[in-house]
Amino acid sequence: MDTQHFANDPEHVVEADRAHVWHHLIQHKPFETTDPRIIVEGKGLRVWDIKGKEHVDAVSGGVWTVNVGYGRERIGKAIAEQVTKMCFFGGTAGSIPGAQFAEMLMDKMPGMDRVYYANSGSEANEKAFKMVRQISHKHYGGKKQKILYRERDYHGSTIAAMSAGGQDERNAQYGPFAPGFVRVPHCLEYRSQDGSTGEEYGVKAAQAVEDVILAEGPDTIGALCLEPITAGGGIIVPPKGYWERVQEICRKYDILLHIDEVVCGLGRTGTWFGYQQFGVQPDIVTMAKGVASGYAAISCCVTTDRVFEMFKDDTDKMSYFRDISTFGGCTGGPAAAIENMKIIEEEDLLGNSAAMGEHLMGNLSELMAKHAWVGDIRGMGLFAGIELVKDRDTKEPVDEKHCAAIVADCMAQGVIIGATNRSLPGYNNTLLFAPALIATKDDLDHVTDAVDQAITRVLG
C-alpha cells in the first residue's frame, strides 16, 4: 500500500474508517449518511479534525486522558529512544524505565509500596480483584471473597469489571456477570436518599456501606472498591465525613480498601491522586489514563507491602500472584510516564488544576445563576459537572436528548464537552468537563461561553 498517498488523501481515510473501523461508544447507523470524525492533530488544549476544523478539547481526548495536553515532543522522543533500545520483555523480568517510574510513583504515594504494570484501567482493576480473591483462598479459607462496589461508579469494560459496575445502562445486555460482587448505595448529596445533607449525609452514606457489610457478613467481604470522586456516574464528590467513616469501617472489618484512580489520578483533582484530597490510606490503588496522558498504553495496580507480602510463601507453589499482562512488559509505557510526571512537576500542573478548577467552578456558578435548567454543579480541580433538571424543586432530570443536543451544539462551536452517556437509566443528564491540566482562564471562559450559548439555544 502507498501509505503516503493514503495519509494525504482525506476522503480515502474517511472511507476506510467508515468501511472498517468499529468506533467506541457510538451508534454507527448515522455514518451511512454522515462522515465519522477523524482527529488528525493536537497541540496544547486544541485538536484539529481531518477537515481542518479546530476544537478546544474540554474532555482531554474524549475520555479524560491527556492530562498534560497534546504535542509533547519530549514524551514522544522518550518513547522512541526507549523502544528502539529495548521495546519489550515479559513482566517476569524488569526494565530500567519500569524501575525508575515505580520509584517516582511511590514517592508521590506515601504508604504505598509496589507497582504491578498492566495496560488499561479495566485490566488494572481485574488484577486487583484477582489479588483479593487469591488472598481470600490463601489466608481466609476462600471465605473473604466478596467485593463491594458503589452505585454510579465505573471500573472498566471487561465482564469482571462490569460485575463491579454501578451504571446499569452500561451493564445492560452484557450479563450474566461474575458472582461475588455486591453493590452499596451512592453518595450523591444532591440526590440524598433520605433528604439529609452535609456531613450528616456523608456519615449516613458511609453507614449504608456498613449496613451492606453486616447484611452480607463481614467475614465474607474481601474488599471495597470505590472511585475517590465518581466520574462517569455524574462527577460526585463525596460529602464531608464520608471518606473518614469508610476508612474506619474497612479497618474495623479487615476489608481491603481499593481506590480506583483511573480518572482522578495524576493531578486531575489538584493533588497527585484523588484519595489524597480526603486523607485516607488505601490498600490498593489502580490507575491508567493520566499516567502517560495517552502517549502510551500503561496502567498500574499499586499495593501496600502488607498486600504484597501475602503472596510471598515459597513453601506453597500456588502462593505467588500467577498473573501476567503481556503489554505490562512494554517499556514505552513507563518511559512515557516518567516524562509525563516530570512535566506535571516542572509546570506545577497540580497547582494549575486546583487554581483553574476554582475558576471553572466560578464560571459554572454563573451559568447556574443564569439558567434555571442547572440544578447542581459539582467537582474538584479540573473535573466538574453540571446536572441539568426540568425543575429545581422536583429535581426531575432533563431528557437525555437535550444533553446530547447541548454537546452537539458545543461541538459545532468548536468546543468538545462530555455528558453521561448510556450510564444511568433516566439520569443521563450531567454535562462533564475535564480539560487538560494546562488549561488557562481564557480556555475555560471559551468553554463555558459555548455551554452558555448551547443551553440557551437548546433549552431556552
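This text follows the structure it describes.
Everything in this summary refers to the structure shown in the same document.

Here is what the cut-offs are and how they apply
Residues numbered from 1 in each chain as written. Predicted model: local features only at pLDDT ≥ 70, side-chain atom pairs only at ≥ 80, totals over all residues. Heavy atoms only, no water. Pairing = 2+ DSSP bridges. Helix = DSSP H or I, 4+ residues; strand = E, 2+ residues; numbered from the N terminus. Axes fitted to C-alpha atoms, helices over the stretch in contact; angles between N-to-C directions. Parallel < 35°, antiparallel > 145°, perpendicular 65-115°, else oblique. Left-handed = near helix turned anticlockwise from the far one by under 90°. Contact = heavy atoms within 4.5 Å. Buried < 20%, exposed > 50% of the residue type's maximum accessible area, 1.4 Å probe, protein only. 1 Å grid on protein atoms, 1.4 Å probe; cavity = no way out; pocket = protein on both sides within 12 Å on 5 of 7 lines; lining within 4 Å. Points joined across faces, edges and corners; volume = space filled by probe spheres on them. Nonpolar A, V, L, I, M, F, W, Y, C, P; charged D, E, K, R; others polar.

Side note on the sheet that holds strand 13 (residues 415-416)
The strands that make up a sheet pair up through hydrogen bonds in the backbone, lying either parallel or antiparallel.
Item 1. Across the sheet, 4 strands lie side by side as 1-2-3-13; this open sheet has mixed pairing. Pairing within the sheet leaves two strands with one partner each, and these edge strands are strand 1 (39-43) and strand 13.
Item 2. As judged from the 3 bridges shared by strand 2 (residues 46-49) and strand 3 (residues 54-57), these two strands associate in the antiparallel manner. Within the sheet, the bridge partner assigned to Trp48 lies in strand 3 and is Glu54.

Quick look at the packing of helix 14 (residues 400-412) against helix 15 (residues 441-459)
Item 1. The geometry of helix 14 relative to helix 15 is characterised by a closest axis approach of 9 Å and an angle of 130° between their N-to-C directions. Relative to helix 15, the element helix 14 lies oblique. Taken as a pair, helix 14 and helix 15 cross one another with a handedness that is right-handed. Residue-level inspection shows His402, Ala405, Ile406, Asp409 and Cys410 of helix 14 in contact with helix 15, the latter providing Ala450, Val451, Ala454, Ile455, Arg457, Val458 and Leu459.

Here we look at the pairing of strand 12 (residues 384-388)
Item 1. Most of strand 12 sits out of view: 5 of its 5 residues are buried.
Item 2. Here strand 12 shows no split at all, with Ala384, Ile386 and Leu388 on one side and Gly385 and Glu387 on the other all buried.
Item 3. In textbook terms, the turn of a hairpin is the stretch between consecutive antiparallel strands, and for strand 11 (residues 374-379) and strand 12 this stretch comprises 4 residues, one of which, Gly381, has a positive phi near 60°.
Item 4. Bridge count between strand 12 and strand 15 (residues 430-433): 4 bridges; the pairing is antiparallel. Bridge pairing in strand 15 links Gly385 to Leu432.

Re the layout of surface pockets
Item 1. Considered as a void within the structure, the second largest pocket measures approximately 980 Å³ in volume.
Item 2. Taken together, 40 residues line the second largest pocket, and the ones lying closest to its centre are Gly91, Ala93, Val115, Tyr116 and Tyr117.
Item 3. Elements with a contribution of two residues or more to the lining of the second largest pocket: helix 4 (73-85), helix 5 (96-107), strand 4 (114-118), strand 10 (299-303) and helix 11 (305-309).
Item 4. The element contributing the most residues to the lining of the second largest pocket is helix 5, with 6 residues.
Item 5. Its residues placed into classes, the lining of the second largest pocket shows 22 nonpolar, 12 polar and 6 charged.

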